[in-house]
Structure formats: C-alpha cells, structure tokens
Amino acid sequence: MNIDTLVIAAKVENLPLLNEFLERKALEAGMSATRRHRLMLALEEAFVNVCQYAYPGGEGDVWLNCTVECGAFVIELVDFGELFDLLSLPDPDLEANLEQRKIGGLGVYCIRNLVDEVKTRREGNRNILRMVFYLN
C-alpha cells in the first residue's frame, strides 16, 4: 500500500493546493469525474472546518494522506488541534422553515452524504477523519 501525503498549514487560502494534490491523486487512482467532484466537495467541507475550529488562537498543520485500498480511494485528513468528532453532530432538520433552522451543520451533513464510508478517531493528539470512496 502506497500512501501519498501532503502537509500544509490549516489556512483556507491553502485550499487550492489541497485540491490540486487531491485531484492528481484521484486521477492516478482512476476515479471518475463524478466521484472526484463528490470527493472534492467533501474534502473542502472537512478542510474548512479544520481551518476554522481545530486551532483556536493559533496555527497548525493539516496532513492529507491518500491511498488506494481494496478497490477504494481512501483519504485521511489529520490535524493536531482540539478534540472534535464532527460525526457526533446531529443531522440538520431539513424539514424546518429556514427561519427556524440553526445556522451550520449542513457541511457535515454533506460529507456524510457524499462519502461511501466516513469515520473519525482520536489517536494521541491527532484528530483523524477517514473518508472512503469506492472506485467501482
């Protein structure tokens, strides 16, 4: 198993670098254009969340690990910020009137619905978001 890794500062302005790296790796893995689009949307939501919330009052890095495992393109987004399990957030109430809905939560909902498998875990001082996209 070959793992390719990109390490960048957790800053929203680094999103184009992250996208370029991910697009290249997804193409190398043979991912279709439609699947790549879903991948890019999910990763953008996750990366922006890390940029906004993982390192309050400071700066930190994000690691993006990409690999192909058992017919799937797997990415792990790793940060060393505060403990946070974005999958613990409840789904937004999509039936409520817009005026009654809480702000936020749609990004996590999108990630859950764009990705074939998604898990989070904490290892030591690292938050790890694992997203799996089946290639077939």
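Shown above is the structure to which this text applies.
K.L.:
Which residues make up the overall build of the protein, and what values do they have?
P.N.:
Counting its regular elements, the protein contains 3 helices and 5 strands. Ordered by position in the sequence, the α and β elements of the protein form the string β-α-α-β-β-α-β-β. Counting across all 136 residues of the protein, residues that qualify as buried make up 38%. A fraction of 65% describes how many contacts in the protein between residues 6 or more apart in sequence connect residues 24 or more apart. Element-wise, carbon and sulfur atoms account for 52% of the exposed surface of the protein, whose accessible area totals about 8,000 Å².

K.L.:
Describe helix α2 (residues 33–53), and please don't skip the residues or the numbers.
P.N.:
Relative to the 30 Å expected for 21 residues at 1.5 Å per residue, α2 spans 30 Å between its end C-alpha atoms, a close match to the ideal helical length. Within the span of α2, buried status applies to Arg35, Arg36, Leu39, Met40, Ala42, Leu43, Ala46, Phe47, Asn49, Val50 and Cys51.

K.L.:
Tell me about the pairing of strand β4 (residues 117–123), residues and numbers included.
P.N.:
Bridge count for β4 against strand β5 (residues 126–134) is 7 bridges, and the pairing is antiparallel. Residue Glu123 lies in a different strand from β5, and its bridge partner there is Arg126. Between β4 and β5, which pair antiparallel and follow one another directly, the connecting turn spans 2 residues, one of which, Gly124, has a positive phi of 60°.

K.L.:
Residue-level account of the packing of helix α1 (residues 15–28) against α2, with values.
P.N.:
In the contact formed by α1 and α2, the axes pass within 11 Å of each other and the chain directions differ by 145°. In terms of crossing hand, the pair formed by α1 and α2 is right-handed. Here Leu15, Leu18, Asn19, Leu22, Glu23, Ala26 and Leu27 of α1 come into contact with α2, specifically with Arg36, Leu39, Met40, Leu43, Glu44 and Phe47. Within the contact of α1 with α2, the residues separate by chemical class into 9 nonpolar, 1 polar and 3 charged.

K.L.:
Talk me through the pattern of salt bridges; I want residue IDs and the actual numbers.
P.N.:
The tally for this structure, following the rule as stated, stands at 10 salt bridges. Ionic pairing is found between Asp4 and Lys25, a salt bridge with its closest N-O pair at 3.4 Å. Taken together, the positions of Asp4 in strand β1 (residues 4–9) and Lys25 in helix α1 put the pair 21 residues apart, joining distant regions of the chain. Note that Glu69 and Arg130 form a salt bridge whose closest N and O atoms lie 2.8 Å from each other. Note that Glu69 is positioned in strand β2 (residues 61–69) and Arg130 in strand β5, a separation of 61 residues in sequence.

K.L.:
If you had to explain the nonpolar core to someone new, which residues and values would you point to?
P.N.:
In terms of nonpolar packing, the biggest core is built from 31 residues, with Leu22, Leu64, Ile75 and Met131 touching the most fellow members. Where this core is concerned, the elements lending two or more residues are β1, α1, α2, β2, β3 (72–79), α3 (106–114) and β5. The element that contributes the greatest number of residues to this core is α2, accounting for 8 residues.

K.L.:
Tell me about the sheet that holds β2, residues and numbers included.
P.N.:
The strand order β1-β2-β3-β5-β4 describes an open sheet built from 5 strands, whose pairing is antiparallel. Pairing within the sheet leaves two strands with one partner each, and these edge strands are β1 and β4. Going across the sheet, the axis of each strand differs from the next one's by a mean of 15°, ignoring polarity. As paired strands, β2 and β3 are joined by 8 bridges and run antiparallel to one another. When the bridges of β3 are listed, Leu64 appears paired with Leu77. Lying over the sheet, α1 contacts β1, β2 and β3, oriented at roughly 170° with respect to β1. Most of the contacts of α2 go to β5, to which it runs at about 170°, and overall it touches β1, β2, β3 and β5.

Conventions we followed
- Residues numbered from 1 in each chain as written.
- Predicted model: local features only at pLDDT ≥ 70, side-chain atom pairs only at ≥ 80, totals over all residues.
- Heavy atoms only, no water.
- Helix = DSSP H or I, 4+ residues; strand = E, 2+ residues; numbered from the N terminus.
- Buried < 20%, exposed > 50% of the residue type's maximum accessible area, 1.4 Å probe, protein only.
- Contact = heavy atoms within 4.5 Å.
- Areas by Shrake-Rupley, 256 points an atom, 1.4 Å probe, with all protein chains shown as cover.
- Expected span 1.5 Å × (residues − 1).
- Pairing = 2+ DSSP bridges.
- Axes fitted to C-alpha atoms, helices over the stretch in contact; angles between N-to-C directions.
- Left-handed = near helix turned anticlockwise from the far one by under 90°.
- Nonpolar A, V, L, I, M, F, W, Y, C, P; charged D, E, K, R; others polar.
- Salt bridge = Lys/Arg side-chain N within 4 Å of Asp/Glu carboxyl O.
- Core = buried A, V, L, I, M, F, W, Y, C linked by side-chain atoms within 4.5 Å.

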